[in-house]
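Chain and residue survey
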Amino acid sequence: MKNRGNMIFAMVLALIVIAAIALMVVFSQKDDVSPSNDSTAATNANVKTSDDYKKIDTKGQPVLGDKEAPVTLVEFGDFKCPACKYFDMDIQPKLVKKYVDKGDLKMYFINTPFHGGESITGANAAEYVLANEPDKYWDFHNAMFAAQPNTKTSTEDKWLTIGKVKSVAQEAGVKDIDGLIKATKDSSEQKKVNKDIKLFQTYQINETPTIIINGKKISNQLDIKQLEKEIEAAKK
Ligand code: CA
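Residues numbered from 1 in each chain as written. Predicted model: local features only at pLDDT ≥ 70, side-chain atom pairs only at ≥ 80, totals over all residues. Heavy atoms only, no water.

**Focus on the side chain of Glu228**
As for its placement among the helices and strands, Glu228 is situated in helix H9 (residues 224-235). A polar side-chain atom of Glu228 sits 3.3 Å from a polar atom in the side chain of Lys98. The contact partners of Glu228, leaving out residues within four places of it in the chain, are Leu95, Lys98 and Tyr99. (Helix = DSSP H or I, 4+ residues; strand = E, 2+ residues; numbered from the N terminus. Polar contact = N/O pair within 3.5 Å; in protein donor to acceptor, adjacent residues only side chain to side chain. Contact = heavy atoms within 4.5 Å.)

**Some remarks on the packing of helix H3 (residues 82-100) against helix H5 (residues 137-147)**
It is at 9 Å that the axes of H3 and H5 come closest, and there the two elements cross at 120 degrees. Comparing the axis directions of H3 and H5 gives the class oblique. Regarding H3 and H5, the two cross each other, and that crossing is left-handed. On H5, the residues that touch Cys84, Lys85, Asp88, Met89 and Gln92 of H3 are Trp138, His141, Asn142, Phe145 and Ala146. Its residues placed into classes, the contact of H3 with H5 shows five nonpolar, three polar and two charged. (Axes fitted to C-alpha atoms, helices over the stretch in contact; angles between N-to-C directions. Parallel < 35°, antiparallel > 145°, perpendicular 65-115°, else oblique. Left-handed = near helix turned anticlockwise from the far one by under 90°. Nonpolar A, V, L, I, M, F, W, Y, C, P; charged D, E, K, R; others polar.)

**A few points about the environment of Leu199**
Looking at the secondary structure, you find Leu199 in helix H8 (residues 190-202). Under the relative-accessibility criterion, Leu199 is labelled buried at 11%. Counting along the chain gives 141 residues from Leu199 to Thr58, while the straight-line C-alpha distance between them is 9.5 Å. Excluding residues that lie within four positions of it along the chain, Leu199 makes contacts with Ile56, Asp57, Gln61, Phe76 and Ile110. (Buried < 20%, exposed > 50% of the residue type's maximum accessible area, 1.4 Å probe, protein only.)

**Quick look at the packing of aromatic side chains**
In the structure shown here, the tally under the stated rule is six aromatic pairs. Aromatic side chains Phe79 and Phe109 sit 5.6 Å apart centroid to centroid with 40 degrees between the ring planes, which places their arrangement in the tilted category. Taken together, the residues Phe79 in the loop between strand S2 (71-77) and H3 and Phe109 in strand S3 (residues 105-111) connect sequence positions 30 residues apart. There is no split in this pair, since Phe79 and Phe109 are both buried. Relative to Trp138, the ring of Tyr137 lies with its centre 4.9 Å away and its plane at 90 degrees, an arrangement referred to as edge-to-face. The residues Tyr137 and Trp138 share a single accessibility class, namely buried. An aromatic cluster of three or more residues is present, and its members are Phe79, Phe109 and Phe145. (Phe/Tyr/Trp six-rings, centres within 6.5 Å; stacked < 30°, edge-to-face > 60°.)

**Some points on the coordination of the calcium ion**
Donor atoms from the polypeptide that bind the calcium ion are Gln61 (OE1), Glu127 (OE), Asp196 (OD) and Asp196 (OD), placed at 2.2 to 2.7 Å. Along the chain, the residues donating to the calcium ion fall in the pattern Q-x65-E-x68-D. Of the two residues, Gln61 sits in the loop between helix H2 (50-53) and strand S1 (63-64) while Glu127 sits in helix H4 (residues 117-132), which places them 66 residues apart along the sequence. (Donors = N, O, S within 2.8 Å, 3.2 Å for Na, K, Ca; no water.)

**So, the state of the cysteines**
In a disulfide, the sulfur atoms of two cysteines are held together by a covalent bond. A complete count under the given rule lists one disulfide for this structure. Disulfide pairing places Cys81 opposite Cys84 at an S-S distance of 2.5 Å. Torsion about the S-S bond of the Cys81 and Cys84 cystine: about 90 degrees, corresponding to right-handed handedness. Assigned by exposure class, Cys81 and Cys84 land together as buried. (Disulfide = S-S within 2.5 Å.)

**Let's talk about H5**
Listed as buried for H5 are Tyr137, Trp138, Phe140, His141, Ala143, Met144 and Phe145. Among the structural elements, S1, H3, S3, H4, helix H6 (162-172) and helix H7 (177-186) are those in contact with the buried residues of H5.

**Some thoughts on unusual backbone geometry**
A cis amide bond, omega -10 degrees, links Thr208 with the succeeding residue Pro209. Of note, Pro209 is situated in the loop between H8 and strand S4 (210-213). Not every positive phi belongs to a glycine, and Ser187 is a case in point at roughly 50 degrees. Looking at the element boundaries, Ser187 is found in the loop between H7 and H8. The residue Gln204 is not glycine, and still its phi comes out positive at about 50 degrees. Its location among the elements puts Gln204 in the loop between H8 and S4.

Right, dumping it as structure tokens:
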């Protein structure tokens, strides 16, 4: 009986030890969580500041307006993004009329292809137009946004096809349509698109459009009043 009692005691002890080990594993796993929290903190420490955004390299990017204009607006945008369509069709003409035409503002566009293959197609086509017929770039850019369907699912819908590139280019008055179609099919401008991708990754751009005015990331980027306020402040 005594031996049996010892055996039960040993078994209970073993169970306690197993439970203790299990608890230690659980707690050590909890500890494992904290390094990732630390890495989040480290990421936060790397959050881009105005000084960083001022250094965005806009060389080779399409620009609307006088390069000497005192205020610089950088848009990270995507032809497949509905909010970018709104920015391009509703806000951009107002800013052009009020600031760009008066020499106060210049606007850059950096491809930020967030919506898969068709975003890449649009970016390649636009880069080709920029490189080969730069005076047609903004007509092509605006016509592409105008061609984006007004549906809530335009980011997923298939519409930015080679056929669409062709009709948009014709509408924009691009002369070398055949060259553009071949280049788009071959992704001949992918290096430039990759340069843009590297830019939005470097600056941790996570939404489109992201609008930066003289280094300041604008939080209400679709609010014309807010944008005007920021441009007025940057002019001074
Ligand atoms: Ca570009």
